[in-house]
Amino acid sequence: MLNRQGRPTQAGEGAQEAHATFTGNRALQQIEPLIFEIGRYETTGVDIDKPGPFKSRLGKLARKDGIGLPGLSEPEAMRHYVRLSQKNYGIDTGLFPLGSCTMKHNARLNEKMARLPGFSDVHPLQPVSTVPGALELMQELARYLMVLTGMPAVSLSPKAGAHGELCGMMAIKAAIAAKGEGETRRTVLVPESAHGTNPATAALIGFVVKPVPAREDGTVAVEDVKALLGPDVAAIMLTNPNTCGIFEPQIVEIAAAMHEAGAYFYCDGANYNAIVGKAKPGDLGVDAMHINLHKTFSTPHGGGGPGSGPVVLSERLAPFAPVPFIHLEDGAPRLVENVADAPEGNAPFGRITAFHGQMGMYVRALTYMLSHGADGMKQASEDAVLNANYIRAGLQDLMSLPFPDHPSMHEALFDDEWLKGTGVTTLDFAKAMIDEGYHPMTVYFPLVVHGAMLVEPTESESKASLDLFIATLRDLAMATKGNDKSRFTGAPHHAPLRRLDETRAARQPVLKWVKPEPIAEAAE
Ligand SMILES: *Cc1c(COP(=O)(O)O)cnc(C)c1O
């Protein structure tokens, strides 16, 4: 069945529904086709004069057909992009409880500072002598990150957490090779509860990944790590607080065991928001840790802007940090852009990004730090933990906790034990949240918990906002026990598009638009 815009309607949509609309729109939530589907090739939003006579020098390279760009009038183009922007549920739209992602408010002050012309208009190819302010800002951000984490060095340039992992692990690989152990130390230990980027990072640069089993209580035990240690082990990649929302109680012992075995401790710092100002990774024995500026330091995520994942490094790894970096020579900052120009004693493993990384994110993150101050950043962490535990306390009588004996850090983890026998799955429950106007929490991660639901409210939410969220989830949770399951099985009911086949979308992505053959007019 096709709706008016020629878009196939989904199963369950249209005829079967009592109030299906002619357009496919749902009230003021409007369906938005691709620009190629609404554009017409003969239309253009601007008038361009026909060029005067000229002689083409392109020869055989000259284009023979039209370029095929869709043409729209200005109001059509405007509406297309505004409607698309409205489809982006974000932290500016509502509470975004996506666990492990730290979807906190992006303060407008950060945006204001990033738009100052002195920052927003600099170009990475400008002569270094014309951008001393930008370099100073980068140095200042680096200093704050080092002080907060208690680490002696930082590499600013990685552009995401996963990219930071790659940077840190490449530094570890270079350090191992420098000791002549590159051929033997090829194993990286990764707990089963880890984020998928950890084993992917290790495998990408040629390490063999060995899983560390998860304990019943959601933590990693030093004995389990020790049992896997040997001359073949290069490093462990351990998240702290971990993906179950628990501060690893044996982290110091695990770090010591790694070092004793001649290996390194890579800490996944994605959950750093829980401990800023409370615990320093440097004191815990960490050798390298990425910091997601778009999580902990309130710069926008994904569609809202590029990510940034600086990596702090220990004394042992600092010499291997990639270019570019700023080196102080007699107190004056010098930008080192090439491996060959590295100061004495440094052996950068190379470069992992063009230019210097995400300057706009550096400005935003430093603004967050300066506007909060040391006490404010510590309080933000305390409030993030408090909010997560408030949600946990508000739901734990209805939803089950896999690790009730450990206090939660910045996120509360539930499993699907409480859904047993209801016929409702974690996925159904998450989809029903969409109908209530909430982006779902992280589901089915971490993998060590059955039907996981990982809720991270962050410090941004007020008590009123948390109370409404808890009340909504309580209402849904109680409805799972009732007779009518349609609120879950068919959810989302109110979204413009109904339940999507996410697996198929991931496995068979349609990345190219092909102009459809014109459909012959049906004889009426
Ligand atoms: C977010 C996250 C990452 C990856 O960070 P990106 O910035 O998304 O690349 C890695 N590990 C954990 C635990 C995370 O939550």
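Please read these numbers as outputs of a predicted model, since none were measured by experiment.

A. Just the domain arrangement of the protein, in detail. In terms of domain boundaries, the protein breaks down into domain 1 (109–367) and domain 2 (380–507). Taken over C-alpha atoms, the centre of domain 1 sits 31 Å from the centre of domain 2. Domain 1 puts 22 residues into the contact, and the matching count from domain 2 is 17 residues. Summed over both partners, the interface of domain 1 with domain 2 comes to about 1,500 Å²; 62% of that surface belongs to carbon and sulfur atoms. Linking domain 1 with domain 2 are 1 salt bridge. Residue Lys-278 is joined to Glu-382 by a salt bridge in which the shortest nitrogen-to-oxygen separation is 2.6 Å.

B. Structural context of the site of the ligand. Around the ligand sit Ser-100, Ala-160, Gly-161, Ala-162, Glu-165, His-195, Thr-197, Asp-268, Ala-270, Asn-292, His-294 and Lys-295, and that is every residue in its neighbourhood. At a separation of 2.6 Å, an oxygen atom of the ligand approaches a polar side-chain atom of Ser-100. When the ligand sits alone it has 380 Å² of accessible area, and the protein chains cover 87% of it. In terms of residue count, helix H6 (residues 161–178) provides more of the shell around the ligand than any other element does, 3 residues in total. Each residue belonging to the shell around the ligand can be placed in one class, and the counts come to 3 nonpolar, 6 polar and 3 charged.

C. Main features of the sheet that holds strand S11 (residues 442–443). With respect to topology, 3 strands assemble into an open sheet ordered S10-S12-S11, the strand pairing being antiparallel. In this open sheet, the two edge strands, each paired with only one partner strand, are strand S10 (412–414) and S11. With 3 bridges joining them, S10 and strand S12 (residues 453–455) adopt antiparallel strand pairing. Across the sheet, residue Phe-414 finds its bridge partner in S12, namely Met-453.

D. Broad picture of helix H11 (residues 359–395). Its 37 residues place the ends of H11 only 41 Å apart at the C-alpha level, less than the 54 Å of an ideal helix rising 1.5 Å per residue. The largest bend in H11 amounts to roughly 100° and is located at Gly-373.

E. Just unusual backbone geometry, in detail. With an omega dihedral of -15°, the bond running from Asn-240 to Pro-241 counts as a cis peptide bond. Turning to its location among the elements, Pro-241 is positioned in the loop between strand S4 (233–239) and helix H9 (251–260). A positive phi angle, near 55°, is found at Phe-355, a position not held by glycine. Note that Phe-355 resides in the loop between strand S9 (332–336) and H11. Residue Phe-355 is classed as partly exposed on the basis of its relative accessible area, which comes to 36%. The backbone of Tyr-444 sits at a positive phi, close to 60°, despite the residue not being glycine. Tracing the sequence through the fold places Tyr-444 in the loop between S11 and S12.

What counts, and at which threshold
- Residues numbered from 1 in each chain as written.
- Predicted model: local features only at pLDDT ≥ 70, side-chain atom pairs only at ≥ 80, totals over all residues.
- Heavy atoms only, no water.
- Domains from an automatic or database assignment.
- Contact = heavy atoms within 4.5 Å.
- Buried area = accessible area lost by both parts, 1.4 Å probe.
- Salt bridge = Lys/Arg side-chain N within 4 Å of Asp/Glu carboxyl O.
- Near = heavy atom within 4 Å.
- Polar contact = N/O pair within 3.5 Å; in protein donor to acceptor, adjacent residues only side chain to side chain.
- Areas by Shrake-Rupley, 256 points an atom, 1.4 Å probe, with all protein chains shown as cover.
- Helix = DSSP H or I, 4+ residues; strand = E, 2+ residues; numbered from the N terminus.
- Nonpolar A, V, L, I, M, F, W, Y, C, P; charged D, E, K, R; others polar.
- Pairing = 2+ DSSP bridges.
- Expected span 1.5 Å × (residues − 1).
- Bend = angle between axes of the 7 residues up to and from the residue.
- Buried < 20%, exposed > 50% of the residue type's maximum accessible area, 1.4 Å probe, protein only.

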